[in-house]
Amino acid sequence: QVQLVESGGGLVQAGDSLRLSCTVSKRSAYRYAVAWFRQAPGKERELVAGIGWNNTMYYSDSGKDRFTISRDNAKNTVDLHMNVLKPEDTAVYFCAARPWNIRYTTSDYDYWGQGTQVTVDS
């Protein structure tokens, strides 16, 4: 069983930066791809960024240029660095994991965290 815990959300101003962190409680966490999704009120959960077991990275249109994903296998963490935040980035951010490689839809991921709220005030 893989457990995921997100941290780092909060209330920020437009233009600010924020770092979200996902801690993966699994001895072999390096074997898992971890992705960040987000869900705004009334909208579907969408993929923002992902990182595979081999550090292959993926960014959606909503994440590229402003967001950076990274992993630290020694700490079993995957971080999402978000820069130049906009009000439309307001959402609950979830990390999710699956074995080995990144996939692009929610149904592809076996394990989910509880989510962390990010609110960007204009």
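Provided above is the structure to which this section pertains.
Thresholds applied
Residues numbered from 1 in each chain as written. Predicted model: local features only at pLDDT ≥ 70, side-chain atom pairs only at ≥ 80, totals over all residues. Heavy atoms only, no water. Disulfide = S-S within 2.5 Å. Helix = DSSP H or I, 4+ residues; strand = E, 2+ residues; numbered from the N terminus. Buried < 20%, exposed > 50% of the residue type's maximum accessible area, 1.4 Å probe, protein only. Pairing = 2+ DSSP bridges. Phe/Tyr/Trp six-rings, centres within 6.5 Å; stacked < 30°, edge-to-face > 60°. Lys NZ or Arg CZ within 6 Å of the ring centre and 35° of its normal.

Peer 1: When you look at the state of the cysteines in this model, what are you seeing that I'm missing?
Peer 2: Here a disulfide denotes one covalent bond, and it connects the sulfur atoms of two cysteines. As enumerated under the stated definition, the model contains 1 disulfide in all. One disulfide bridge connects Cys22 with Cys95, the sulfur atoms lying 2.1 Å from each other. Measuring handedness by torsion sign, the sulfur bridge of Cys22 and Cys95 sits at about 65° and is right-handed. Taken together, the positions of Cys22 in strand S3 (residues 18–25) and Cys95 in strand S9 (residues 91–99) put the pair 73 residues apart, joining distant regions of the chain. By relative accessible area, Cys22 is classed as buried at 0%. Here Cys95 falls in the buried class, since its relative accessible area comes to 0%.

Peer 1: Just to check I follow, could you spell out the pairing of S9 for this structure?
Peer 2: It is a general feature of regular strands that their side chains alternate between the two faces of the sheet. Most of S9 sits out of view: 7 of its 9 residues are buried. Pairing analysis gives 8 bridges linking strand S4 (residues 32–39) to S9, with the strands arranged antiparallel. Opposite Ala35, over in S9, you have Ala96 as the bridge partner. Across 3 bridges, the pairing between S9 and strand S11 (residues 116–121) is antiparallel.

Peer 1: Honestly, the packing of aromatic side chains in this entry has me stumped. Any pointers?
Peer 2: Aromatic rings in a pair are described by how distant their centres are and how their planes are angled relative to each other. Applying the stated criterion across every chain, the model contains 7 aromatic pairs. Note on Trp53 and Trp100: the rings are 5.2 Å apart at their centroids and 85° apart in plane angle, and the pair reads as edge-to-face. Of this pair, Trp53 sits in the loop between strand S5 (46–51) and strand S6 (57–59) while Trp100 sits in the loop between S9 and strand S10 (111–112), placing them 47 residues apart in sequence. Trp53 sits in the partly exposed class, given a relative accessible area of 37%. Residue Trp100 is classed as partly exposed on the basis of its relative accessible area, which comes to 39%. Between Phe94 and Trp112 the ring centres are 6.4 Å apart and the planes differ by 80°, which places this aromatic pair in the edge-to-face class. A residue pair is termed long-range when its members are at least 10 positions apart, and Phe94 in strand S9 and Trp112 in strand S10 qualify at 18 residues. For Phe94, a relative accessible area of 9% gives the class buried. Under the relative-accessibility criterion, Trp112 is labelled partly exposed at 25%. Clustering of aromatic rings is evident, with ring pairs tying together Phe37, Phe94, Tyr109 and Trp112. Note that Arg45 overlies the ring of Trp112, its terminal NZ or CZ placed 5.0 Å from the centroid.

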